[in-house]
Amino acid sequence: MSETVTDINRLAPFPDHTQLPEEDGTFVKNFQEHPQSILLTDSLGPVLEQRHPDGQYCIGQDSGIYWRETDPPEKGAEAPDWFYVPNVPPNLDGEVRRSYVFWRELMAPLIALEFASGNGEEERDRTPLGVSVEGKTVRPGKFWVYERIIRIPYYGIYEIKSGQLEVYHLTDFSYQMIEPNERGHYPIVPMGVELGLWQGTYQNQNQLWLRWWDLEGNLLLIGSERAELEKQRTEQEKQRAEQEKQRAEAAERKAARLAERLRSLGIDPDAEEDI
């Protein structure tokens, strides 16, 4: 009787982020996507510093999330326009991440956001992974991948052209659309923030932007806004100090005039009153 033993050490290991492509060779970006990602990341900085004092988190911007080993490899990846993964190191073995390899880290992003240039059809694609009648693998839609495989708790789709925002929450193993609160925002409770739309100018573009607010409805500011606010506060403090100085000087002048008048009446204003 013979026994066949498979040596698992001889099996090819799953590749890591250094062995997988970091791009698929295409470019389909519009002029809003890059500044939109920066706006989200910059304004979230203070919140993440508070929630992760150890620095254990990463943010991906149009970076691949590898969820299935395929040939070519990039067919087994999705690249959200923006995503946040808590409680993972920002670098791996001292190297900058080239991609996020789900089968190695096994930690799903907490939230993924897609900035749809069109009508959002691609971002809402629920096509499941399957095999066609010809025996070819059917590539699944990203909505299905995020919901069924990676299981990202929060998924947002922002249609740039129409200004429409949809946010989904993974509930009972499927995405349920969230209703906005009274401020028109979508609470992302595990992050302690709300997601919504803000009309304003950023990097020379005036339009609707995705922004963060805290759970009390206060807008989370980016670095330049925080600097401007601090500048305004400093200026206000200077103005208050100058006003106090002017009031003090006016009071001194008034006291001096009163003292001079008393002296003209033969009264010494500096004399101590007899008790």
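Residues numbered from 1 in each chain as written. Predicted model: local features only at pLDDT ≥ 70, side-chain atom pairs only at ≥ 80, totals over all residues. Heavy atoms only, no water.

**Observations regarding the overall build of the chain**
Scanning the chain from N- to C-terminus turns up four helices and 16 strands. The buried share of the chain, taken over its 275 residues, is 36%. Pairs at least 24 apart in sequence give 56% of the contacts found in the chain among residues at least 6 apart. In the structure as shown, the chain presents an accessible area of about 17,400 Å², 50% of it carried by carbon and sulfur atoms. (Helix = DSSP H or I, 4+ residues; strand = E, 2+ residues; numbered from the N terminus. Buried < 20%, exposed > 50% of the residue type's maximum accessible area, 1.4 Å probe, protein only. Contact = heavy atoms within 4.5 Å. Areas by Shrake-Rupley, 256 points an atom, 1.4 Å probe, with all protein chains shown as cover.)

**Topic: unusual backbone geometry**
With omega at 0°, the peptide bond leading from Asp71 into Pro72 counts as cis. With respect to the helices and strands, Pro72 occurs in the loop between β2 (65-66) and β3 (77-78). Unlike most non-glycine residues, Asn87 shows phi in positive territory, near 65°. By the secondary structure assignment, Asn87 is in the loop between β4 (82-86) and β5 (91-92). Taking relative accessible area as the criterion, Asn87 reaches 53% and is therefore assigned exposed.

**Focus on the pairing of strand β12 (residues 164-171)**
Examined bridge by bridge, strand β11 (residues 154-159) and β12 share six bridges and lie antiparallel to one another. Bridge assignment links Tyr155 to a residue of β12, and that residue is Tyr168. As consecutive antiparallel partners, β11 and β12 are separated by four residues, and within that stretch Gly163 has a phi angle of approximately 75°, a positive value. Where β12 folds back on strand β13 (residues 174-177), the antiparallel hairpin that results is connected by two residues, among which Asp172 adopts a positive phi of roughly 55°. (Pairing = 2+ DSSP bridges.)

**Looking at the pattern of salt bridges**
Where charged atoms of side chains with opposite charge meet at close range, the side chains can pair. Considering all chains together, one arrives at 14 salt bridges under this definition. Ionic pairing is found between Arg124 and Glu166, a salt bridge with its closest N-O pair at 3.1 Å. Placement of the pair is Arg124 in the loop between β8 (111-116) and β9 (130-131) and Glu166 in strand β12, with a sequence separation of 42 residues. Across the salt bridge formed by Glu147 and Arg148, the nearest N and O atoms sit 3.2 Å from each other. According to the relative accessible area criterion, Glu147 is buried, its value standing at 7%. Through salt bridges that share partners, Glu114, Glu122 and Lys142 make up one connected network. (Salt bridge = Lys/Arg side-chain N within 4 Å of Asp/Glu carboxyl O.)

**Examining the confidence of the model for the chain**
Parts of the prediction with low pLDDT should not have their coordinates interpreted in detail. Mean pLDDT over the chain works out to 88, with 88% of the residues at or above the 70 mark. When the criterion is pLDDT under 50, residues 1-11 qualifies, and its contacts beyond four places in sequence or with other chains add up to zero contacts. (pLDDT = per-residue confidence, 0-100.)

**Quick look at the nonpolar core**
Generally speaking, nonpolar side chains in soluble globular proteins are found buried as a group. Among the nonpolar cores identified, the biggest contains 23 residues, and Leu44, Trp82, Ile111, Ile188, Met191, Leu195 and Trp212 are the most heavily contacted of them. Contributing elements (two or more residues each) for this core: α1 (33-51), β4, β8, β11, β12, β14 (186-188), β15 (193-202) and β16 (205-214). The element that contributes the greatest number of residues to this core is α1, accounting for four residues. Ile65, Ala112, Trp144 and Ile157 belong to the second largest nonpolar core, which has 20 residues in total. (Core = buried A, V, L, I, M, F, W, Y, C linked by side-chain atoms within 4.5 Å.)

**Overview of the sheet that holds β14**
Spatially, β14-β15-β16 is the arrangement adopted by the three strands of the open sheet, whose pairing is antiparallel. Single-partner strands in this sheet number two, and they are β14 and β16. Strand-to-strand twist of the sheet, defined as the mean angle between neighbouring strand axes without regard to direction, takes the value 45°. Inspection of the sheet shows β14 paired to β15 by three bridges, in the antiparallel sense. Bridge pairing in β15 links Tyr186 to Leu195. Of the strands in this sheet, β15 and β16 are in contact with α1, which crosses β16 at around 25°. (Axes fitted to C-alpha atoms, helices over the stretch in contact; angles between N-to-C directions.)

**Some words on the sheet that holds strand β7 (residues 100-101)**
One open sheet holds the three strands; their spatial order is β3-β2-β7, and the pairing between them is mixed. Looking at the sheet topology across the chains shown, the edges are occupied by β3 and β7. In this sheet, β3 lies alongside β2 in antiparallel orientation, the contact comprising two bridges. What sits directly across from Tyr66, in β3, is Ala77.

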